[in-house]
Amino acid sequence: MPLTPLRLGYVPLIDAAPLIVARELGFAAEEGLEFQLLRLGAWAQARDMLGAGLIEAAHMLVPMPVAQALGLGPALPDLDLVMFLSQGGQAVAVSAALAASMREQGHDFDFWDARKAGLALHRAAPGRLRVGVPFHFSTQLELIRHWLGACGFDPALEVVTVPPPLMAESMAAGEVDAFCVGEPWASSAVDRGLAALLLPGTAIWASPPEKGLVLRRDFTESQPQLTGALMRAVWRAGRWLDEPENRDTAAEILSRREYLDLPAELAERGLTGRLQVTPLGEIRHVPGFVAFHAGAANFPWKSLAAFFAQRIALRHGLEPAPAMEKAMAHFRTDLYRRHLREAGAALPGASARLEGALAEDREVAAEKGQMILRADAFFDGTVFEPPFAG
Amino acid sequence: MDKRLSIVVIEPDPERAAPIVDGLREIGDHDIRIISEETGLARHIAECRPDIVLIDLANPSRDVLEELALASGPTERPVAMFVDRSDEHLTRAAVEAGISAYVVDGLRPDRIKPVLDAAVARFHMFQRMRAELAATRAALEERKVIDRAKAVLMKARGIDEEAAYALLRKTAMDQGKRVAEIAQQLVLAAGLLSCR
């Protein structure tokens, strides 16, 4: 039987792995699909091409479909997030100069204690702090605002958009003092001697949802079979990726010229969670640095749509309550249940929950039997209660 | 009379920027500027105060423009909003041509459309030229390889040029491959066999 072609857009980062692996290891073909993967240069490009119907699905920052739902983007057909592709995978880096002064003041770069790191940063940069993030609607921006806000930086904090490939340059040019970006771009800046890694995203928020699989709503409605096949292929790729012994192979595949086009060793750092934090070669090991499957990492909790919507709404002068309502309708837990049940995905009983409530992984009741949910606590104990979701 | 529009084209490749600017000149006497550097984009935009910004759909700096678009207050007016919201067809044509436009809110559609139409046409033309150039280069490259393969055969088998080409073509047909591929293989093999 001939394979059905599907055009998928991705931005070259390690968390594009589920799409690339689904194609390379045959999970797509198994579902009768031929993934045509298009490497994109900008997040706005992913959104616009999806909106114009030039691609069927996109690897996208989780807050982007939320912003679209709130009318903060161009007028495009409705975009829905059908599953998360990854959680974590971000790292916070500071300039070499800031790192030196933090070290002088006794900071040990343990790459874990977010409060300690935040306070040390505040001591080293008591005035203005400029932090680069990849997009105005990104998990990176939320991590930075949450973390540094809790460490006393407001209002001296200036968060600016810098395209990931330009993070290192913009730090070298003195335009930003720190940045938060997805791998491999943080490690790349360390290798060039321009930055030191201060924290993984997971030290600020244990399970920060990072990328989602986003489709046009009209496609999910007119092509339910293709939508299901696509979701299952990607979900199985994520399951394969979360077998620890597969991460080296994944790094090899991702680093190829047609995908990320960089040394496999660089992609491997984020994928294996063994990061070199300073140009001196200090290594820190972060279990669960990036997750593609384990602990129901793919389930698109409506409460997370509400979480991002509330924060985005408050920053843009919108009413939070209707914003949360709108955003939740775009995280398609219904499609997740319908299309992944038969593939064997563990399905939680509810589609919304308290966010930030799990200090440790926890076993909970699932639709069938038990399932494990990943720890999702914030470093400062923040808990977010979503509005009631039916 | 309408005032002149201030149009900024963000394009690091001068070869590509030139025809776009020419195309825009043809539609009216507008103030057109090219920004080629990637750093300090926000500052440059603020200085130009453009009505319309044109940029490659895939340019990573678009994500910076998105932020400027959202941040701009009524008094700053750097760029205000994405592709014209009213015309879906035009938006799609622009995305297909690989161009994105940022337009100040409130600019009349009849002023935006000719600018976008011109830019879309030029982007298409540039893409076609690039494709043609690449095809010409590839053809030239193949020609060279075939000539070298013919020379190898003429020398090794003591045949003339016509016979050498006939032999290449027959081999290609028998193998179900293109003449250029067979020539490439032959040249490679000959290179390996000659122990110089």
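As a reminder, the structure under discussion sits directly above these lines.
Owing to the predicted nature of the structure, the values given are computational and were not obtained by experimental measurement.

Q: What am I meant to see in the sheet that holds strand E1 (residues 4-10) of chain A here?
A: Hydrogen bonding along the main chain pairs the strands of a sheet, whether they run parallel or antiparallel. All names here are of chain A. Pairing is mixed in the open sheet, where six strands are placed in the order E2-E1-E3-E10-E4-E13. Both outer strands of the open sheet, strand E2 (33-39) and strand E13 (290-291), are each paired with one neighbouring strand and no more. With seven bridges joining them, strand E4 (residues 79-88) and strand E10 (residues 209-216) adopt antiparallel strand pairing. Bridged to Leu81 within E10 is Val214.

Q: Looking at this structure, I do not really get helix H12 (residues 224-241) of chain A. What am I missing?
A: Residues that lie three or four places apart on an α-helix share one face, since the helix turns once every 3.6 residues. Compared with the 26 Å implied by 1.5 Å per residue over 18 residues, the 26 Å span of H12 of chain A between its first and last C-alpha is a close match. With 15 of 18 residues buried, H12 of chain A is to be regarded as a mostly interior element.

Q: Sorry if this is basic, but what is going on with unusual backbone geometry here?
A: Both trends apply: most residues other than glycine have a negative phi, and most peptide bonds are in trans. At the junction of Glu183 of chain A and Pro184 of chain A, the peptide bond is cis and its omega measures out at 10° in the coordinates. Relative to the assigned elements, Pro184 of chain A resides in the loop between strand E8 (178-182) and helix H9 (185-191). At Phe111 of chain A, a position not held by glycine, the phi torsion is positive, near 60°. With respect to the helices, strands and loops of the structure, Phe111 of chain A is situated in the loop between helix H5 (96-104) and helix H6 (114-124). The exposure class assigned to Phe111 of chain A is buried, which follows from its relative accessible area of 1%. Of note, the phi angle at Arg49 of chain B is positive, near 45°, even though the residue is not glycine. Looking at the secondary structure, you find Arg49 of chain B in the loop between helix H2 (41-48) and strand E3 (52-56). Residue Arg49 of chain B is classed as partly exposed on the basis of its relative accessible area of 38%.

Q: How should I be thinking about the nonpolar core in this particular structure?
A: Generally speaking, a soluble globular protein has its nonpolar side chains buried in company with each other. In terms of nonpolar packing, the biggest core is built from 152 residues, with Phe35, Leu121, Ile144, Trp147, Leu198, Leu213 and Leu230 of chain A touching the most fellow members. In terms of residue count, the dominant contributor to this core is H12 of chain A (ten residues). Membership of the second largest hydrophobic core comes to 23 residues, among which are Leu5, Val9, Leu54 and Ala97 of chain B.

Q: Just to check I follow, could you spell out the packing of helix H3 (residues 43-51) of chain A against helix H3 (residues 62-71) of chain B for this structure?
A: Axis angle and axis distance: for two packed helices, these are the angle between their axes and the distance between the axes, and together they describe the pair. Two elements in contact, H3 of chain A and H3 of chain B, have axes whose closest approach is 7 Å; the angle formed by their N-to-C orientations is 85°. Relative to H3 of chain B, the element H3 of chain A lies roughly perpendicular. Taking contact as the criterion, the partners of Trp43, Ala44, Gln45, Arg47 and Asp48 of chain A in H3 of chain A are, on H3 of chain B, Arg62, Asp63 and Glu66 of chain B. Looking at side-chain class alone, the contact of H3 of chain A with H3 of chain B contains two nonpolar, one polar and five charged residues.

Quick notes on the rules
- Residues numbered from 1 in each chain as written.
- Chains lettered and ligands numbered in written order.
- Predicted model: local features only at pLDDT ≥ 70, side-chain atom pairs only at ≥ 80, totals over all residues.
- Heavy atoms only, no water.
- Pairing = 2+ DSSP bridges.
- Helix = DSSP H or I, 4+ residues; strand = E, 2+ residues; numbered from the N terminus.
- Expected span 1.5 Å × (residues − 1).
- Buried < 20%, exposed > 50% of the residue type's maximum accessible area, 1.4 Å probe, protein only.
- Core = buried A, V, L, I, M, F, W, Y, C linked by side-chain atoms within 4.5 Å.
- Axes fitted to C-alpha atoms, helices over the stretch in contact; angles between N-to-C directions.
- Parallel < 35°, antiparallel > 145°, perpendicular 65-115°, else oblique.
- Contact = heavy atoms within 4.5 Å.
- Nonpolar A, V, L, I, M, F, W, Y, C, P; charged D, E, K, R; others polar.

Geometric descriptors of this kind do not, in isolation, establish any biological role.
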